[in-house]
Amino acid sequence: MALGEVEHCEVTEIHEDLIRTVNEKMPPEDLLYDLAELFKVFGDSTRIKILFALFEAEVCVCDIAESLHMTQSAVSHQLRILKQAKLVKSRRDGKQVFYSLDDEHVATIINVGLEHIEE
């Protein structure tokens, strides 16, 4: 088999029982779309770095920017995307805004991804 070639069946045989099982378990299309959109958010290493920073503590934009050697504007842009995806939440304290992970699921998603690529 050539490099990159995907194996495929040599005959066409439809397994109706398996198709029925798969179709019964398949989530609705709108849910699959939302899931794909969520995973797109994880497709940027800067956003992953921000999430890692938030694993440790609730952090303000200034501190994230300093830690990642980025401008506050660039960090704010990425935080906006993460907030829209419900991966982070914010809390205002006077003139500062602190960010944290939205819930424990965010850390779980990242940790499972890490386990997978480290295998």
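Our structure is the block above this text.
About the thresholds
- Residues numbered from 1 in each chain as written.
- Predicted model: local features only at pLDDT ≥ 70, side-chain atom pairs only at ≥ 80, totals over all residues.
- Heavy atoms only, no water.
- Helix = DSSP H or I, 4+ residues; strand = E, 2+ residues; numbered from the N terminus.
- Buried < 20%, exposed > 50% of the residue type's maximum accessible area, 1.4 Å probe, protein only.
- Contact = heavy atoms within 4.5 Å.
- Pairing = 2+ DSSP bridges.
- Salt bridge = Lys/Arg side-chain N within 4 Å of Asp/Glu carboxyl O.

Visitor: How should the environment of Asp-102 be read in this particular structure?
Guide: In this fold, Asp-102 is placed in the loop between β3 (96-101) and α6 (104-118). The exposure class assigned to Asp-102 is partly exposed, which follows from its relative accessible area of 28%. The spacing of Asp-102 and Ile-19 is 83 residues in sequence and 37 Å in space, taken between C-alpha atoms. If we ignore the near neighbours within four places in the chain, the residues touching Asp-102 are Lys-86, Leu-87, Val-88 and Lys-89.

Visitor: Mind showing me how you'd approach the sheet that holds strand β2 (residues 88-93) here?
Guide: Think of a sheet as strands paired side by side through backbone hydrogen bonds, with each pair either parallel or antiparallel. Pairing in this open sheet of three strands is antiparallel, and the strands run β1-β3-β2 from one edge to the other. Each edge of the sheet is formed by a strand with only one pairing partner; in this case those strands are β1 (59-60) and β2.

Visitor: Help me understand the pairing of β3, please; the structure alone is not making it clear to me.
Guide: Side-chain positions along a regular strand alternate between the two faces of the sheet. Examined bridge by bridge, β1 and β3 share two bridges and lie antiparallel to one another. Among the inter-strand pairings, Cys-60 is bridged to a residue of β3, identified as Phe-98. Where β2 and β3 come together, six bridges link them in antiparallel fashion. By the bridge assignment, Arg-92 is partnered in β3 with Val-97. In this structure, the hairpin formed by β2 and β3 is closed by a connection of two residues, where Gly-94 is found at a positive phi of approximately 65°.

Visitor: Help me understand the pattern of salt bridges, please; the structure alone is not making it clear to me.
Guide: Opposite charge on two side chains allows them to pair when their charged atoms are near. Going through the model one piece at a time under the given rule, you end up with three salt bridges. Note that Lys-40 is salt-bridged to Glu-37, the shortest N-O span being 2.9 Å. With Lys-40 and Glu-37 both in helix α2 (residues 29-41) and three residues apart, the pair spans about one turn of that helix. A salt bridge links Glu-58 to Arg-91; the shortest N-O distance between them is 2.6 Å. Here the residue Glu-58 occupies a position in the loop between α3 (45-56) and β1, and Arg-91 occupies one in strand β2, the gap between them amounting to 33 residues. Since its relative accessible area comes to 37%, Glu-58 is described here as partly exposed.

Remember, this is a structural readout, not a statement about activity or role.
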